[in-house]
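# Geometric and topological summary
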Amino acid sequence: MSDIHLWITFFGLMAVTFVTRSFFLLGGSKFNIPETIYEFLRYAPTAALIAIVLPEILFIKDPASQLFEIDLYSPHLFGGVVAIIGYLVTKSLLGTIFLGMVAFTAARYFI
Amino acid sequence: MQFFKTPAFIDGVKAMSEPAIAIMAWSIVTNIALLGSGLKPLETFWLNLLVYAGSAQLAVMPLIAGDYPLWTIWLTALIVNLRFVIFSAGIQPHFKKYSFFERMGIGYINSDFAFAKFVQKFPYSDPANSRVELLYFLGMALVNWTVWQTGVLIAIIFGAHIPSNWGIGFAGTVALLALIIPAIKNKTSLVSALVAAITCILTINLPYRLTIICSVITGVIAAILMDKNYKEAK
C-alpha cells in the first residue's frame, strides 16, 4: 500500500469513527430519545462487553479456518472463572485482575 | 477554565485509575499486533491519534496489509464500531445541550469502559446536574485516552522486547469481567445478560465481529420484554 493510499485509509477510518461514535449526539437538542428507549439502553454496554469477553474466554480461534470453536479446557476459561470468583470475593478490580492473571498463567503451565 | 481541578472531574479520573492497568495492557497488545502486521512505528502512532478505536483498528489491519479495496476497510470499521451508535444514544440525553463540536468531541472520546462506568454512575440524566456529568465523563475519557496513547508509545519503543506468549492482553478481558458482574443486579439485567451471551455464542462466527451488535440488540430487547412482563404481572 502506498503512502498516500495509507493516509486516505486513515482519514476514512477517522471519519467512520467520528460518525459512529457521535451518531445520536449530532442532532443535539433537536433530537430527543424517547424516555422508554433511553431507559433500556442502560443494558446495552453490558451486552456489548459480554460479546467482547466471551469469545476470549469460552472459545479458541482455529488458526487454519479462522473460525471460533468452543474450548472448555483452556487457560482462558480457567482464568476467567477464577477472576469472576475473585471479583465476588474481593469486589476490587485490581484483585480480580491479579487473581485472574495468576490462575491464567498457572493454567498455561499445567494444561 | 480549570475544569481539571473540579471534584467531578477528579472523581472521573479516580474511577478510571484502576481500569487504567487493563487499558494499558490492551493498548500495548493491540499495537504490537498492528506493528507485527507491517505498520511502521510512525504510521502506528498516527493511526492511534487519528482513529482511536482499538477493536476497529485490529479488525481492519489484515485488510490494510492485504491491500483490500478502501470501501471494504471502511465498512469493516463501521460495522465493528456499530455498538457506539447505540452508546451515543445512551449519552445523548446527558449532553444534548452542548455545542456541535463539543458533542462531536464527547462522542469521539467515548469508549467501552467510560460508557459502561458512566451509565452505572448516572443511570438517569438530570439537566440540573449536566455539568457534573460532563466533567465526570471527561475525567474518565481523558484518562482512557492518555493511557491508551501511552500504551501505543510503549508498544512502539519496547514492543520487540515483550514476548507475545506472556498473554498480558488477558488482563483486559479479566478487567471487563469486573465491569460486567456488578451490572447484573436484578432479574431483568440477568436475563438480558444471558440472552446476550447466548446470542454471542450462536453468532460468534459471523464476519465483521457482527456478534457484538447482535448481542447488544437481543440483550436490550430481552430487557424490554422482561420489564413488560413484570409490569403486566403487577
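Owing to the predicted nature of the structure, the values given are computational and were not obtained by experimental measurement. (Residues numbered from 1 in each chain as written. Chains lettered and ligands numbered in written order. Predicted model: local features only at pLDDT ≥ 70, side-chain atom pairs only at ≥ 80, totals over all residues. Heavy atoms only, no water.)

## A short note on the packing of helix α3 (residues 44–58) of chain A against helix α8 (residues 112–121) of chain B
Viewed as axis vectors pointing N to C, α3 of chain A and α8 of chain B meet at an angle of 140°, and their least axial separation amounts to 10 Å. As α3 of chain A runs across α8 of chain B, the sense of the crossing is left-handed. Contact with α3 of chain A, carried on its side by Pro45, Leu49 and Ile52 of chain A, involves Asp112, Phe115 and Ala116 of chain B of α8 of chain B and no other residues of that element. Classifying every residue of the contact of α3 of chain A with α8 of chain B by side-chain character gives five nonpolar, no polar and one charged. (Axes fitted to C-alpha atoms, helices over the stretch in contact; angles between N-to-C directions. Helix = DSSP H or I, 4+ residues; strand = E, 2+ residues; numbered from the N terminus. Left-handed = near helix turned anticlockwise from the far one by under 90°. Contact = heavy atoms within 4.5 Å. Nonpolar A, V, L, I, M, F, W, Y, C, P; charged D, E, K, R; others polar.)

## Notes on the pattern of salt bridges
Residues and elements named next belong to chain B. All chains considered together, the criterion is met by two salt bridges over all chains. Note that Glu43 is salt-bridged to Lys40, the shortest N-O span being 3.8 Å. Ionic pairing is found between Asp112 and Arg83, a salt bridge with its closest N-O pair at 2.7 Å. In this pair, Asp112 is assigned in helix α8 and Arg83 in helix α6 (residues 82–95), connecting sequence segments 29 residues apart. Like Asp112, the residue Arg83 is buried in the burial classification. (Salt bridge = Lys/Arg side-chain N within 4 Å of Asp/Glu carboxyl O. Buried < 20%, exposed > 50% of the residue type's maximum accessible area, 1.4 Å probe, protein only.)

## A few points about the domain arrangement of chain B
Residues and elements named next belong to chain B. By domain assignment, chain B separates into domain 1 (2–182) and domain 2 (184–234). Of note, the centres of domain 1 and domain 2, computed from C-alpha atoms alone, are 24 Å apart. Taken together, the contact between domain 1 and domain 2 spans 11 residues of the former and nine residues of the latter. Buried surface at the junction of domain 1 and domain 2, summed over both partners, amounts to about 940 Å²; 72% is from carbon and sulfur atoms. Looking only at domain 1, the three residues that lose the most surface to domain 2 are Ile79, Arg83 and Ile86, adding up to 40% of its buried area. Across the domain 1-domain 2 interface, the total number found is zero salt bridges. On the surface where domain 1 and domain 2 come into contact, there are three residue pairs in polar contact (both at pLDDT 80 or more). (Domains from an automatic or database assignment. Buried area = accessible area lost by both parts, 1.4 Å probe. Polar contact = N/O pair within 3.5 Å; in protein donor to acceptor, adjacent residues only side chain to side chain.)

## Thoughts on helix α3 (residues 41–50) of chain B
All buried positions along α3 of chain B are accounted for by Glu43, Thr44, Leu47, Asn48 and Leu50 of chain B. Of the surrounding secondary structure, the elements contacted by the buried residues of α3 of chain B are α1 (3–21) of chain A together with α2 (19–36), α4 (54–65), α7 (100–108) and α9 (130–158) of chain B. One or two steps after α3 of chain B, the chain reaches Tyr52 of chain B, where phi turns positive at roughly 50°.

## As for a nonpolar patch on the surface
Together, Trp7 and Phe11 of chain A together with Leu42, Trp46 and Leu49 of chain B make up an exposed nonpolar region whose accessible area comes to about 480 Å². Listing elements by their share of the nonpolar patch, those giving two or more residues are α1 of chain A together with α3 of chain B. The element that contributes the greatest number of residues to the nonpolar patch is α3 of chain B, accounting for three residues. Relative to the helices and strands, Trp46 of chain B is located in helix α3. According to the relative accessible area criterion, Trp46 of chain B is partly exposed, its value standing at 35%. (Patch = residues over 30% accessible without salt bridge, like charges linked within 9 Å, V, L, I, M, F, W, Y side chains within 5 Å. Areas by Shrake-Rupley, 256 points an atom, 1.4 Å probe, with all protein chains shown as cover.)

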